[in-house]
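Residue-level structure breakdown
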Amino acid sequence: MPVIRVPRRPAAPRFMAMTAVTAVTLLGLVGWYLFSGRGAGLLPQDSWGPWREKRVPYWSVWVRVNSWSHAAEATGAYGKADDFSLKAYGTPATATTADRTRFTLTPDGELTARQPRADDAR
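Calculation rules
Residues numbered from 1 in each chain as written. Predicted model: local features only at pLDDT ≥ 70, side-chain atom pairs only at ≥ 80, totals over all residues. Heavy atoms only, no water. Helix = DSSP H or I, 4+ residues; strand = E, 2+ residues; numbered from the N terminus. Rg over C-alpha atoms; globule rule 2.2 N^0.38 Å. Buried < 20%, exposed > 50% of the residue type's maximum accessible area, 1.4 Å probe, protein only. Contact = heavy atoms within 4.5 Å. Lys, Arg positive; Asp, Glu negative; His and termini not counted. Charge placed at Lys NZ, Arg CZ, Asp CG, Glu CD. Pairing = 2+ DSSP bridges. Axes fitted to C-alpha atoms, helices over the stretch in contact; angles between N-to-C directions. pLDDT = per-residue confidence, 0-100. Core = buried A, V, L, I, M, F, W, Y, C linked by side-chain atoms within 4.5 Å.

**Describing the overall build of the protein**
- A tally of helices and strands in the protein yields one helix and seven strands.
- Reading the helices (α) and strands (β) of the protein from amino to carboxyl end gives α-β-β-β-β-β-β-β.
- Here the protein has a C-alpha radius of gyration of 26 Å; the compact-globule value for 122 residues is 14 Å, and the former is much larger.
- Counting only C-alpha atoms, the protein reaches 100 × 35 × 20 Å along its principal axes.
- In the protein, which comprises 122 residues, the share counted as buried stands at 28%.
- The long-range share in the protein, meaning contacts at least 24 apart out of those at least 6 apart in sequence, stands at 31%.
- On the protein, the mean spot of the 16 positive side-chain charges and the mean spot of the 10 negative ones are 16 Å from each other.

Rendered as structure tokens:
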């Protein structure tokens, strides 16, 4: 009985198509990760705007915003006694300092500070 041979398609075009789809998917995920703000720490230093001072009583606070992604950073100091830094990469970030001042930074660079009132119980 003769052997029936079925011609096979070359695997190279199928492999190239799978590679192209994988590459496009991977590039899309990397782009989303970086530019959504979650990977802002991986972006070049030139993508960050200048540090701008934010007025908060008794605190020196500086904020900068990334121009390529949805991210912001803040740093603040209360003399040499207390300091903080916030990184809002895609989601808001909060910090509470030793004097119970609560700072919240949004990815668009908006910083809010809530200081305890004098009549708050400790």
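**Here's the deal with the sheet that holds strand E2 (residues 59-65)**
- Reading across from one edge, E1-E2-E3-E4 is the order of the four strands in this open sheet, with antiparallel pairing throughout. Of all the strands in the sheet, just strand E1 (52-56) and strand E4 (82-89) have a single pairing partner and so form its edges. Neighbour-to-neighbour, the strand axes of this sheet turn through a mean angle of 20°, independent of strand direction.
- Where E1 meets E2, five bridges bridge the pair, whose relative direction is antiparallel. Looking across to E2, one finds that Arg52 is bridged to Val63.

**Observations concerning the pairing of strand E6 (residues 102-105)**
- With burial as the criterion, only one face of E6 is covered, namely that bearing Phe103 and Leu105; the residues Arg102 and Thr104 on the opposite face remain uncovered.
- Pairing of strand E5 (residues 93-96) with E6, which is carried by four bridges, proceeds in the antiparallel orientation. When the bridges of E6 are listed, Ala93 appears paired with Leu105.
- The loop that links E5 with its antiparallel partner E6 comprises five residues; one of these, Arg100, has a positive phi angle of about 70°.
- By the bridge criterion, four bridges tie E6 to strand E7 (residues 111-114) in an arrangement that is antiparallel. Bridged to Phe103 within E7 is Ala113.
- The antiparallel pairing of E6 with E7 creates a hairpin that spans five residues between the two strands, and Gly109 there sits at a positive phi of about 95°.

**Some details on the confidence of the model for the protein**
- Summary statistics for the protein give a mean pLDDT of 85 and a share of 94% for residues scoring 70 or more.
- Helix H1 (residues 12-35) is the least confidently modelled element of the protein, averaging 85 in pLDDT, while E6 averages 95, the highest of any element.

**A word on the nonpolar core**
- Of all hydrophobic cores here, the largest spans 14 residues; its most connected members are Val61, Leu86, Phe103, Leu105 and Leu111.
- Counting residues per element, the ones that place at least two in this core are E2, strand E3 (71-78), E4, E5 and E6.
- Non-local contacts of Phe103, meaning those with residues more than four positions away in its chain, are made with Val56, Trp59, Val61, Phe84, Leu86, Ala93, Thr94, Ala95, Thr97, Leu111, Thr112 and Ala113.

**A short note on the sheet that holds E5**
- As summarised here, the arrangement of the three strands in space is E5-E6-E7, forming an open sheet in which the pairing is antiparallel. Two strands bound the open sheet, and with one partner strand each, they are E5 and E7. Averaged over all pairs of adjacent strands, the angle between strand axes in this sheet comes to 15°, irrespective of strand direction.

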